[in-house]
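Chain residues, written in single-letter form:
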Number of protein chains: 4
Amino acid sequence: MKQLNIGIIGAGRIGSLHAKSITYNVPSAKVLGITDVKKTGLAELAAELGIEKIYADYKEMMADKEIDAVLVCSSTDTHADISIEAAKAGKHIFCEKPVDLTPEKVQAVIEAVKKAGVKLQVGFNRRFDHNFAKVKSMVTAGKIGDVHIVKITSRDPSPPPAEYSAVSGGMFLDMTIHDFDMARFLAGSEVTEVYASATCLVDPAIGEAGDVDTAIITLKFENGALGVIDNSRRAAYGYDQRIEVFGSNGAAVASNDTDTTVAFMGEDGVVSDKPLYFFLERYMQSFRDEMIQFVDAIHNDTSTPATGEDGLNSLLVALAAKKSVALGRPVLISEMKQ
Amino acid sequence: MKQLNIGIIGAGRIGSLHAKSITYNVPSAKVLGITDVKKTGLAELAAELGIEKIYADYKEMMADKEIDAVLVCSSTDTHADISIEAAKAGKHIFCEKPVDLTPEKVQAVIEAVKKAGVKLQVGFNRRFDHNFAKVKSMVTAGKIGDVHIVKITSRDPSPPPAEYSAVSGGMFLDMTIHDFDMARFLAGSEVTEVYASATCLVDPAIGEAGDVDTAIITLKFENGALGVIDNSRRAAYGYDQRIEVFGSNGAAVASNDTDTTVAFMGEDGVVSDKPLYFFLERYMQSFRDEMIQFVDAIHNDTSTPATGEDGLNSLLVALAAKKSVALGRPVLISEMKQ
Amino acid sequence: MKQLNIGIIGAGRIGSLHAKSITYNVPSAKVLGITDVKKTGLAELAAELGIEKIYADYKEMMADKEIDAVLVCSSTDTHADISIEAAKAGKHIFCEKPVDLTPEKVQAVIEAVKKAGVKLQVGFNRRFDHNFAKVKSMVTAGKIGDVHIVKITSRDPSPPPAEYSAVSGGMFLDMTIHDFDMARFLAGSEVTEVYASATCLVDPAIGEAGDVDTAIITLKFENGALGVIDNSRRAAYGYDQRIEVFGSNGAAVASNDTDTTVAFMGEDGVVSDKPLYFFLERYMQSFRDEMIQFVDAIHNDTSTPATGEDGLNSLLVALAAKKSVALGRPVLISEMKQ
Amino acid sequence: MKQLNIGIIGAGRIGSLHAKSITYNVPSAKVLGITDVKKTGLAELAAELGIEKIYADYKEMMADKEIDAVLVCSSTDTHADISIEAAKAGKHIFCEKPVDLTPEKVQAVIEAVKKAGVKLQVGFNRRFDHNFAKVKSMVTAGKIGDVHIVKITSRDPSPPPAEYSAVSGGMFLDMTIHDFDMARFLAGSEVTEVYASATCLVDPAIGEAGDVDTAIITLKFENGALGVIDNSRRAAYGYDQRIEVFGSNGAAVASNDTDTTVAFMGEDGVVSDKPLYFFLERYMQSFRDEMIQFVDAIHNDTSTPATGEDGLNSLLVALAAKKSVALGRPVLISEMKQ
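Residues numbered from 1 in each chain as written. Chains lettered and ligands numbered in written order. Predicted model: local features only at pLDDT ≥ 70, side-chain atom pairs only at ≥ 80, totals over all residues. Heavy atoms only, no water.

Asker: What should I look at first to understand the overall build of chain A in this one?
Answerer: Helix and strand counts for chain A come out as 14 helices and 15 strands. Taken over the C-alpha atoms alone, chain A extends approximately 55 × 55 × 45 Å along its principal axes. Residues classed as buried in chain A amount to 62% of the 338 residues present. Excluding contacts between residues fewer than 6 apart, the proportion of contacts in chain A whose partners are at least 24 apart in sequence is 70%. (Helix = DSSP H or I, 4+ residues; strand = E, 2+ residues; numbered from the N terminus. Buried < 20%, exposed > 50% of the residue type's maximum accessible area, 1.4 Å probe, protein only. Contact = heavy atoms within 4.5 Å.)

Right under this line is the structure:
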């Protein structure tokens, strides 16, 4: 099998991480070239990982016939346009989430991809997390029976700067969108209605910037199941990522990962580890596995495990949640499509 | 200290249980008399526990000057009237929940009690559960910081007969009312708004009877905190009673109680106990402790730990949840008071 | 079924506890009479529990034809003689452990009991502990397969006064004897050889009194299994009582009991409860259940669940362990019988 | 800092694993060359990892001035001789355990290393395991207080072929030696006396080959602490690797690692993951970290974290355990040195 030649657009934290994952963990692919608007450190990264080509800009990469697939790891506002150009250039695409903050542009990417006949995978890495993937496999295998309730606890260790909300679209779009995708993934069904109860309890500056930092979101799914997500921008004990699927035969519950299994039994009680600190620690394995599956989908010409439609539908849920808070009522997903 | 003389009205499952609890665990009180509309087994129970008096009916008990306090353990539709009579007769009152299905009658009980200057405790036994009481003490001690989210998982092992809904007022009134009280108790604040998303996934007959069996309920509290409850009438693994309070300093999480701590490590995994089966097993200790505290409140002339207002306010939340499902929108508690 | 009439000799901590257990939890028996060398509080206890007779001394109880069975809860040095007298008087006997510190006197009790045709149960209450009983049932049901290793962790929260060793016979005889019985019980086989490595690390005064406070004891069983016990007189976190049986099909592991299931997740980690403090908290349920089974064995004329032979054989193991420390070599149980 | 040039002798399972670890995880070192008595697959491995040199034999590697350090991953019987040659050639040495099955040859390696002034690290990888390293750090930091008991559970998922015992020296030398090193490491003290109770319960062929498969080993340490190890060659549930250090302030307990945190709550109980299957899964992280620390020790000219003396002293304990079984009595380590 010929090694897949990959080009990476954007060599920031997540771009470098993917470059290393592919180099060290995906023998059937290699990072052929890389580009970034910032040139600092690019040559060093290329040298360390044996990346042959550094492109002046992403257009040069698009023009390179040797490149089979691109990873779009640039800033969010460029995701859709670059993805469309990549599709036109006949490159398979891995696009970090969100594809865009507007459904229209995500739709445009989906259409360009369809027209070009290339693969598109969206960076919903948590689908590949060892714990959640096991829960999903139990759902798929029928072990849980009919799904009745999907329940997600998702709390960050600390909030981003308040001004970040303006760029990111707010908590539902930059943070909860992962949970919306996870809920859809686990329920095996699309969301039809959203009710979000949200407030600002962590940092008043977030509220002043027009965003929320604490929320309970209720979902209804096409298959009749219910979903619930609770979010906070700040958990004193770190990154809280738990999931539960409850169904007619029982419930699968995924607890947090920890650094060690050590418990200390002392006068003050039995003390064990906090959850792994944040997404780089908690989800490192999933970042690697999403690359493996992306490359496999191309090699085997199968559907990618997180498609453009997943990106679009999760975005619609996030926008519906935002609208629900604004209007103080449940919002139908069908309202978001008009 | 003089032993408190208690009369028990209704010698069914819960009435007998309280009779035994008091006899064996509350030295500062004694069950002086008992009555029930059904006479079967009454004499045997009295003999076993050394109860001196069997009254022909509850009115005879009311007239007995020796009786200091009564436990109202009769059928729900009689709770309010009997409680009002008891208040008029100057007896302290422990009334099983719900006091009544209508706020008006609960209000009438509260007024009768106030006028008579007697104590009233409502049977929200879960407040006395060892796990939940510890979580509450952590909230009160400030260990959790400001409360942001109260989260309750409450699932029964199997549903009551579908026709029971008509009598009980439905799931929110016969089952979730305990969770509403618990949410209020843990938040240390009153509910202002309720949104309930509910459906029928366990047994179609329940739906045909006009009730629901699966629900996610979102609460807003006066102090700004959010609450979420998830309910099911049937968990394949038994009685699921978990609670979590998340705040600015961390989270207190109460897991299920089990019969043993034994885990079997074998080829198929590590297998440990299911939760204790149902409320009689899970909450036995709380039934005992609510009696101890009721008797203490009378002896020490302090406020009871679950008052008539607790009964009323939890009922209003339950009715609001029902209305929310009917209208498909969040409902303010203030709407219920008009 | 006629209620069994029980007489209790010794109304100290354990005697009163049994008196209450029987009164409240064993409907098929009643405490008819009680006696103690100390008269203080005896009348009050009798009044509280409705005990009809207070005997001047235990001989008076022996002479009472109404008494069917006696509980020997007096001081250890009187256990054997009183038990022998009780057997001669035709009373069934529940004797607190140890029956005696010498095998000869235990043997004499066994013979008196056999001759009289009465029942004898020795107070190895831990056999009735919910966790350990479940492990035993898994062994018996063959779930664990052939037993290879029995492993017991047994640590007290704090040591007795150093001078207690002289009376008690030392740690192996007053504390580890429970573990020896448990090991025999779980292995379903008799010990053939003991090696004890023991030292004084908790309190030098214990060493000066000629005793040890920390030990690892290795056992060999007739059926080929191995056993290991680790002991300490002082665990900073309380009473540590864990058990594991490992066999050809897997392992059953019993963890400590705790007061609640609450975990607090905070900046310093996840903190959960210490074990229940000491034997009265940890083993309360077992003290009750050993009474139920004692009474049942008499009513049904079956073997008691902890016999005189259990008392004798566990004592021989304890004495062998003591000898092993003294000689610095493994000791055969057969050496103890010569 | 100049990259350290490493040569690997033996490209079997563990040699290849180290080659990958260094290439992917140790930027301050590179695998310059490799050699193996079997030539199959060697070129492919070198190509995959970018290893420049393939030596005809290890002597050629010794002669290569560019090589700074060697990993001795060849068969056990060659470890000592190759290590001595490497020392003479001025190469730093990482030697897989055991260095040799005889104390004399291990001593010879230690002396050669000392004379040459090179570093020697022995492959006691478990010292670097995340769980055990944390327990060790708690001991070192004084959190546990004075160490009283070190307790190790170490059970393999399945036994090696019975004939392997002849080559390996038997269970104590091929399996328990890791536990002996761990006990020494955690106690922070040398073993002075060993008593081993061992038998053959897993596979009679092992017994016929003169080895044991099930054992309880008791240790005494210079600092007064006691140690206990229980071993089995076959745990039905996989690889059981637990550790506990109990001291005057409490106990640190390391449980097994699992693949996921998922628990399924169903009618048959709550089922969670078995331990990670075997040493490659369980200890992968430790194999990587021992390389990082080996390279660091050379770069910083500090002592290696597992020295030749560790290899020697752990071997002496293993030989003493073997002798203890043979003689049926405790054996002093001082007896092994005569």
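So, next bit.
Asker: What exactly am I supposed to notice about the sheet that holds strand β1 (residues 4-9) of chain C here?
Answerer: Residue and element names in this part refer to chain C. Strand order in this open sheet of six strands is β3-β2-β1-β4-β5-β6, and the pairing throughout is parallel. Every interior strand has two partners, whereas the edge strands, β3 (53-54) and β6 (120-122), have only one. The sheet contact formed by strand β2 (residues 29-35) and β3 spans two bridges and is parallel. Opposite Gly33, over in β3, you have Lys53 as the bridge partner. Sitting on the sheet, helix α1 (residues 13-25) touches β1, β2, β4 (69-72) and β5 (92-95), and the angle it makes with β2 is about 155°. (Pairing = 2+ DSSP bridges. Axes fitted to C-alpha atoms, helices over the stretch in contact; angles between N-to-C directions.)

Asker: Would you mind showing me how to read the confidence of the model for chain A here?
Answerer: Caution applies to low-pLDDT regions: their predicted coordinates should not be interpreted in detail. With 100% of its residues at a pLDDT of 70 or more, chain A shows a mean pLDDT of 96. Our summary of model confidence lists the complex with pTM equal to 0.96 and ipTM equal to 0.95. (pLDDT = per-residue confidence, 0-100.)

Asker: Teacher, can you tell me more about the relation of the copies chain D and chain A here?
Answerer: Between the two copies of this chain, the relationship is a rotation about some axis together with a displacement along it. Once turned by 180° and shifted 0.0 Å along the axis, chain D lies on chain A with an RMSD of 0.0 Å. Expressed as an axis order, the relation between the two copies is that of a two-fold axis. For chain D, the minimum C-alpha distance to the rotation axis belongs to D:Tyr24 and amounts to 3.2 Å. (Least-squares fit on C-alpha atoms with pLDDT ≥ 70 in both.)

Asker: Help me understand the packing of aromatic side chains, please; the structure alone is not making it clear to me.
Answerer: A complete count under the given rule lists 32 aromatic pairs over all chains for this structure. The interplanar angle of 65° and the centroid separation of 5.6 Å between the aromatic rings of D:Phe94 and D:Phe294 together place this pair among those described as edge-to-face. Note that D:Phe94 is positioned in strand β5 (residues 92-95) and D:Phe294 in helix α12 (residues 284-299), a separation of 200 residues in sequence. The positively charged end of B:Arg155 is found above the aromatic ring belonging to A:Phe246, 4.2 Å away from the centroid. (Phe/Tyr/Trp six-rings, centres within 6.5 Å; stacked < 30°, edge-to-face > 60°. Lys NZ or Arg CZ within 6 Å of the ring centre and 35° of its normal.)

Asker: What should I look at first to understand the pattern of salt bridges in this one?
Answerer: A side chain with one charge may pair with a side chain of the opposite charge, provided their charged atoms come close. Under the criterion given, the structure shown has 112 salt bridges over all chains. Here A:Arg329 and A:Glu335 are joined by a salt bridge, their closest N and O atoms 3.0 Å apart. Note that C:Lys30 and C:Glu52 form a salt bridge whose closest N and O atoms lie 2.7 Å from each other. On the criterion of sequence distance, the pair formed by C:Lys30 in strand β2 and C:Glu52 in the loop between α2 (42-49) and β3 is long-range, its members being 22 residues apart. A relative accessible area of 55% places C:Glu52 in the exposed class. Look at the salt bridges and you will find they share partners, linking A:Lys151, A:Glu244, B:Arg155, B:Asp230, B:Asp240 and B:Arg242 into a network. (Salt bridge = Lys/Arg side-chain N within 4 Å of Asp/Glu carboxyl O.)

Asker: Before we go on, may I ask you to explain the relation of the copies chain B and chain A in this structure?
Answerer: Rotating chain B by 180° and moving it 0.0 Å along the rotation axis overlays it on chain A with an RMSD of 0.0 Å. Of the interface residues in chain B, 100% have counterparts in chain A that sit at the interface too, so the contact is made through matching surfaces.

Asker: What's the story with the interface of chain B and chain A in this structure? I'm lost.
Answerer: Where interface size is given, it is often the accessible area lost as the parts come together that is meant. On the side of chain A, 39 residues touch chain B, which itself brings 39 residues to the contact. Carbon and sulfur atoms supply 62% of the area buried between chain B and chain A, which totals about 2,900 Å² over both sides. When residues of chain B are sorted by the area they lose upon contact with chain A, B:Tyr195, B:Ile216 and B:Phe246 head the list and together hold 18% of the total. Remark: the boundary between chain B and chain A carries six salt bridges. In this structure, the salt-bridge partner of A:Glu244 is B:Arg155, at a minimum N-O distance of 2.8 Å. Where chain B packs against chain A, one counts 13 residue pairs in polar contact (both at pLDDT 80 or more). Of all the elements in the fold, those that place two or more residues in the side of chain B that touches chain A are β7 (147-155), β8 (191-199), β9 (214-221), β10 (226-232), β11 (240-247) and β12 (250-254) of chain B. (Buried area = accessible area lost by both parts, 1.4 Å probe. Polar contact = N/O pair within 3.5 Å; in protein donor to acceptor, adjacent residues only side chain to side chain.)

Asker: I keep staring at the nonpolar core and nothing clicks. Help me out?
Answerer: Residues and elements named next belong to chain B. In this structure, Ile93, Phe172, Phe180, Val194, Ile217 and Leu219 are the most contacted members of the largest nonpolar core, which totals 79 residues. Per-element tally for this core: the top contributor is helix α13 (residues 308-327), with eight residues. Setting aside chain neighbours within four positions, we find Phe172 in contact with Ile177, Phe180, Ala196, Ala198, Val212, Ala215, Ile217, Ala318, Ala321, Lys322 and Val325. (Core = buried A, V, L, I, M, F, W, Y, C linked by side-chain atoms within 4.5 Å.)

Asker: Teacher, can you tell me more about unusual backbone geometry here?
Answerer: In terms of backbone geometry, most residues other than glycine have negative phi values and most peptide bonds are trans. All names here are of chain C. With omega at -10°, the peptide bond leading from Lys97 into Pro98 counts as cis. Counting through the fold element by element, Pro98 comes out in the loop between β5 and α5 (103-116). Residues other than glycine seldom take positive phi values, yet Asp301 does so here, at roughly 50°.

Asker: Can you help me understand the sheet that holds strand β2 (residues 29-35) of chain D in this one?
Answerer: Two strands in a sheet stick together by hydrogen bonds in their backbones, pointing the same way (parallel) or opposite ways (antiparallel). Residues and elements named next belong to chain D. Pairing is parallel in the open sheet, where six strands are placed in the order β3-β2-β1-β4-β5-β6. Looking at which strands have only one partner, the edges of the open sheet turn out to be β3 (53-54) and β6 (120-122). When strand β4 (residues 69-72) meets β5, the two strands line up parallel, connected through four bridges. When the bridges of β5 are listed, Leu71 appears paired with Phe94. Contacts from α12 reach β1 (4-9), β2, β4, β5 and β6, with the element oriented near 160° to β5.

Asker: Just checking my understanding: could you explain the interface of chain D and chain A for this structure?
Answerer: Contacts between chain D and chain A engage 27 residues on the former and 26 residues on the latter. Carbon and sulfur atoms supply 58% of the area buried between chain D and chain A, which totals about 2,100 Å² over both sides. Ranking the residues of chain D by area buried against chain A places D:Thr261, D:Val262 and D:Phe264 at the top, with a combined share of 30%. Put simply, chain D and chain A have two salt bridges between them. The partner of A:Asp273 in a salt bridge is D:Lys134, with the nearest N and O atoms 2.5 Å apart. In this assembly, chain D and chain A are joined by 12 residue pairs in polar contact (both at pLDDT 80 or more). Looking at the side of chain D that touches chain A, the elements with two or more residues in it are α1 (13-25), α6 (130-140), β12 (250-254) and β13 (262-266) of chain D.

Asker: Just to check I follow, could you spell out the packing of helix α1 (residues 13-25) of chain A against helix α12 (residues 284-300) of chain A for this structure?
Answerer: Helix-helix packing: each pair is described by the crossing angle between the helix axes and the interaxial distance. Residues and elements named next belong to chain A. Contact geometry for α1 and α12: axes closest at 9 Å, N-to-C directions at 65°. Taken together, the axes of α1 and α12 lie roughly perpendicular to each other. Where α1 crosses over α12, the two elements pack in a sense that is right-handed. Side by side, α1 and α12 meet where Ile14, Leu17, His18, Ser21, Ile22 and Asn25 of the first sit next to Met284, Phe287, Arg288, Glu290, Met291 and Ile292 of the second. Of the residues in the contact of α1 with α12, the class split is seven nonpolar, three polar and two charged. (Parallel < 35°, antiparallel > 145°, perpendicular 65-115°, else oblique. Left-handed = near helix turned anticlockwise from the far one by under 90°. Nonpolar A, V, L, I, M, F, W, Y, C, P; charged D, E, K, R; others polar.)

Asker: Just checking my understanding: could you explain helix α12 (residues 308-327) of chain C for this structure?
Answerer: Residue and element names in this part refer to chain C. Between the first and last C-alpha of α12 there are 28 Å, a value that for 20 residues agrees with the 28 Å anticipated at 1.5 Å per step. Within α12, 14 of the 20 residues are buried, which leaves the element mostly enclosed by the surrounding structure. Gly328 sits one or two positions beyond α12 and adopts a positive phi of about 70°. (Expected span 1.5 Å × (residues − 1).)

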